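# Summary of the model geometry
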Amino acid sequence: MSKEIVLPKRSDGTRETLPADCRQAVIIGANGAGKSRFTTRLADDVGARAFRMSALEALYGQRRGDTPTALDAAFEAACGNAPAIRPAAETGLDRLLALLMHDEMLNLLSYKLEQTGNPKARLRSTKLDKVIRAWRNLFPDNNVLIESGKMLFSRGIDERGYSAVKLSDGERAAIYYIGGVLYAPADGVVFVDSPEMFFHPTVMQSLWNCVESLRPDCTFIYTTHDLEFASSLNDATVIWVRDYDAATVTWDYALLPAQEGMSDELYMAIIGSRKPVLFIEGDGVHSIDAKLYPLVFPEYTVKSLGSCNKVIEATRTFNDLSAFHHLDSHGIVDRDRRDEHEVEYLRARKIMVPDVAEIENILMLEEVIRTVARSCHRDEQRVFEKVSRAIISQFSHDLRQQALLHTRHRVKRTVEYRIDGRFTNIGMLEKHMLSLIDEIKPRALYERLCREFRRYAETGDYASVLRVYNQKSMVPGSNVAALCGLRNKEEYVHKIILLLQQDGSEAARIRRAVKHCFGIEADDSRADRKTTNPGN
């Protein structure tokens, strides 16, 4: 079955198609633009693979239309075998909880029957088990209790259980989305209406990362008016619905490719957000920056701008307007071959500069390598020792070339600063330029850098090598992927991203290492609590 998703017809008769590998799409538009009708039409066109979810409807029964959802169908099928559960299930959330308990009961009965013929039979994991684990990850201080065939909740050290009715709207919506998505069809398309509703911004991104991780086979399409939520989906395809023609049942919409990010007019609309902005280099989809930094700095709205000059300029401009938008914006640029004076200059202007040369070197931080190796059941000490030896050997081979590149960069910067003087005639300019050779002393600078770099190699100063070594082939050249049991650089990068998305102890370790590289002390208390929770 093709996984391509064909979008509704435009006013000019054309249609767009989402690619088969699309995992996220977000439908946005102003009130009255027709985005809800657009979503309904798209879900109808998708057919049996469509799985519609709305916390508002599930909690308060405000359903648009009379067409039953897939959850309704599953509930009705269960009622055929257990009609007693129907009267108590008034809302969509009630029906979901009853369905989870019904499936749990069937699993227990099946286990008992299997034990009569096979004493070694094991109790299978159920949807309810997944819901409980996810709930405890999202709300570490909360517990789920099963008592007399009912699902109850408790908080903190208080073991007294209470029903879902006493949960907050946000908590009930979270239970609905976590449990409901488990009933989506295989390779389904999950349509979520107003995914931001009922949730605090600090919980929202964690919730949807959790929900999507429960169903990696599905495509998620969100319909929202919340541009902060839309901008947080870094890899999503943005469908901007601008207008609807009721007479022809067509729409005026634009597909905004993820690599281009949001248009300026849309991006400016999120200025009113309470979430600060972090400008980074690279494109919005393929660069490692765009994949890594949103997971390392989840407290920011991360915006890819391409070049380092654009990042520097955008951060300056954004902060110049801070009285208007009240956001504390920062930028990140690679260190490259900048000296300490350049780094201090940028950091004073809210441009974060890592203590490694470039983004690829962040992947080679000692703690990152060790974490990936350990997660792949490899000896982290052995893996790191082999990788560090390979990188230092590679650096020794490239030492003079690297020293020359650093020399050229510093000479260029010095000339740019010094040539900016005022000269009354061409003769004075020529005289000044001729004197720069004696003043800069490029050969002496080159020889000093060679000695400095040679010392790093001879003493095995791995951290200093990462700080000065620009080498795009460092990851494949070090053989780190194979040593961790992975096939190539892409799998190694994907493993790091996956560990960060799972947000466990490995994520805390990686995040702490990367933030330390920027001189930031990471607060991992939440992640640490999650990993020590006995229910996880």
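Residues numbered from 1 in each chain as written. Predicted model: local features only at pLDDT ≥ 70, side-chain atom pairs only at ≥ 80, totals over all residues. Heavy atoms only, no water.

### Quick notes on the overall build of the protein
The condition that has to hold: Secondary structure is summarised from DSSP: a helix means a run of H or I of at least four residues, a strand means a run of E of at least two, and numbering begins at the N terminus for each. Remark: exposure states derive from per-residue accessible area (1.4 Å probe, protein chains only) relative to the maximum for the residue type, with buried under 20%, exposed over 50%, and partly exposed in between. Every residue pair with non-hydrogen atoms within 4.5 Å of one another is taken to be in contact. Here the Shrake-Rupley method, with its probe set to 1.4 Å, supplies the accessible areas, and only the displayed protein chains count as covering residues.
In terms of helices and strands, the protein carries 25 helices and 14 strands. Taking all 536 residues of the protein together, 50% fall into the buried category. Partitioning the intrachain contacts of the protein with sequence separation of at least 6 by distance along the chain shows that 67% fall at a separation of at least 24. As presented, the protein carries roughly 27100 Å² of accessible surface, and 52% of it is formed by carbon and sulfur atoms.

### Overview of unusual backbone geometry
In the Ramachandran plot, Phe198 falls in the positive-phi region, its phi being about 80° despite a non-glycine side chain. Within the secondary structure layout, Phe198 lies in the loop between strand 7 (189–193) and helix 7 (201–214). According to the relative accessible area criterion, Phe198 is partly exposed, its value standing at 27%. With a phi angle near 60°, His377 is a residue other than glycine that sits in the positive phi range.

### Concerning the pairing of strand 11 (residues 277–281)
As a general feature of sheets, a regular strand has side chains that alternate between the two faces. Test applied: Pairing between strands is defined by DSSP: at least two bridges between them are needed.
Burial runs high along strand 11: 5 of the 5 residues are buried. Side-chain alternation along strand 11 places Val277, Phe279 and Glu281 on one buried face and Leu278 and Ile280 on a second face that is also buried. Relative to strand 12 (residues 301–306), strand 11 runs parallel, the two sharing 5 bridges. Residue Val277 lies in a different strand from strand 12, and its bridge partner there is Thr301. In this sheet, strand 13 (residues 330–332) lies alongside strand 11 in parallel orientation, the contact comprising 2 bridges. Considered in strand 13, the bridge of Phe279 is made with Gly331.

### Concerning the pattern of salt bridges
Where side chains of opposite charge bring their charged atoms close, a pairing between them can arise. To be explicit about the condition: The rule for a salt bridge is simple: a side-chain nitrogen of Lys or Arg has to be within 4 Å of a carboxyl oxygen of Asp or Glu.
Across all of its chains, the model carries 22 salt bridges by this definition. Arg10 is the partner of Glu16 in a salt bridge, and the nearest nitrogen-oxygen pair spans 2.9 Å. One salt bridge connects Arg335 with Glu340, and the closest N-O pair in it is separated by 2.5 Å. Judged by relative accessible area, Glu340 falls into the partly exposed class, the value being 42%.

### What about the nonpolar core?
This is how the line gets drawn: Joining through side-chain atoms within 4.5 Å is the link that ties buried Ala, Val, Leu, Ile, Met, Phe, Trp, Tyr and Cys residues into a set, and such a set is a nonpolar core.
If you look at the biggest cluster of nonpolar residues, it comprises 62 residues, and the most contacted ones within it are Leu292, Met364 and Tyr492. If you tally residues by element for this core, the top one is helix 19 (residues 442–459), at 7 residues. The next biggest cluster of nonpolar side chains, apart from the first, holds 55 residues, and it includes Leu100, Tyr177, Tyr183 and Leu233.

### Focus: the sheet that holds strand 14 (residues 351–352)
Picture the strands of a sheet paired through backbone hydrogen bonds; they go either parallel or antiparallel. Stated precisely, the cut-off is as follows: Angular values range over 0 to 180 degrees, each being the angle between N-to-C directions of two axes fitted as lines to C-alpha atoms, with helices fitted over their stretch in contact.
Pairing is parallel across the open sheet formed by 4 strands, whose spatial order is 12-11-13-14. Strands with a single pairing partner mark the edges of an open sheet, and in this sheet they are strand 12 and strand 14. Lying over the sheet, helix 11 (residues 308–320) contacts strand 11, strand 12, strand 13 and strand 14, oriented at roughly 160° with respect to strand 11.

### Digging into a nonpolar patch on the surface
We count it as follows: Each patch is built from salt-bridge-free residues with over 30% relative accessible area, joining like charges within 9 Å and nonpolar side chains (Val, Leu, Ile, Met, Phe, Trp, Tyr) within 5 Å.
A cluster of nonpolar side chains, namely Met105, Leu106 and Leu109, defines an oily patch on the protein surface of about 260 Å² accessible area. Relative to the assigned elements, Met105 resides in helix 4 (residues 92–117).

### With respect to the packing of aromatic side chains
To keep things clear, this is the line we draw: Ring pairs shown here join Phe, Tyr and Trp side chains whose ring centres sit within 6.5 Å, with only the six-membered ring taken for Trp; geometry is labelled stacked below 30 degrees between planes, edge-to-face above 60, and tilted in between. Only lysine NZ and arginine CZ atoms are considered, and such an atom sits over a ring when it is within 6 Å of the ring centre and within 35 degrees of the ring normal.
Inspection of the entire model under this criterion finds 20 aromatic pairs. Taking the centre distance of 5.2 Å and the plane angle of 75° together, the rings of Tyr222 and Phe229 count as edge-to-face. Summarising the burial analysis for this pair, Tyr222 and Phe229 share the class buried. A cation over an aromatic ring shows up here: Lys127 above the ring of Tyr183, its NZ or CZ 4.9 Å from the ring centre.

### What about the packing of helix 16 (residues 380–397) against helix 19?
Where we set the bar: An angle below 35 degrees is read as roughly parallel, one above 145 as roughly antiparallel, one from 65 to 115 as roughly perpendicular, and any other as oblique. By definition, turning the near helix anticlockwise from the far helix through less than a right angle yields a left-handed crossing, and turning it clockwise yields a right-handed one. All residues other than Ala, Val, Leu, Ile, Met, Phe, Trp, Tyr, Cys, Pro, Asp, Glu, Lys and Arg, Gly among them, are scored as polar; the first ten of these are nonpolar and the last four charged.
As a packed pair, helix 16 and helix 19 sit with axes 9 Å apart at the nearest point and diverge in direction by 155°. Relative to helix 19, helix 16 is oriented roughly antiparallel. Between helix 16 and helix 19 lies a crossing of left-handed hand. Residue-level inspection shows Ile392, Phe395 and Ser396 of helix 16 in contact with helix 19, the latter providing Phe453, Tyr456 and Ala457. When the residues that make up the contact of helix 16 with helix 19 are grouped by side-chain class, the tally is 5 nonpolar, 1 polar and no charged.

### Regarding the side chain of Thr407
Among the structural elements, Thr407 can be located in helix 17 (residues 399–418). Setting aside its immediate chain neighbours within four residues, Thr407 contacts Pro442, Leu445, Tyr446 and Leu449.

### A few points about the environment of Arg370
Here is the rule: Distance and chemistry together define a polar contact, namely a pair of N or O atoms within 3.5 Å, with one atom able to donate a hydrogen and the other to accept it when in protein, and with adjacent residues in sequence counting only for side-chain atoms on both sides.
Mapping Arg370 onto the fold places it in helix 15 (residues 366–375). For the pair Arg370 and Phe384, spaced 14 residues apart in sequence, the C-alpha to C-alpha distance is 6.4 Å. Those residues in contact with Arg370 that lie beyond four places of it in its chain are Glu380, Gln381, Phe384 and Arg509. Side-chain polar atoms of Arg370 contact the side chain of Glu380, separated by 3.3 Å.

### A few points about the packing of helix 23 (residues 489–502) against helix 24 (residues 505–517)
In contact at an axis separation of 7 Å, helix 23 and helix 24 are set at 115° when each is read in the N-to-C sense. The orientation of helix 23 with respect to helix 24, classified from their angle, is roughly perpendicular. Taken as a pair, helix 23 and helix 24 cross one another with a handedness that is left-handed. Here Ile496, Leu499 and Leu500 of helix 23 lie close against helix 24, whose contacting residues are Glu506, Ala507, Ile510 and Arg511. In terms of residue class, the contact of helix 23 with helix 24 is built from 5 nonpolar, no polar and 2 charged.

Without other data, these values stay purely geometric and don't point to any function.
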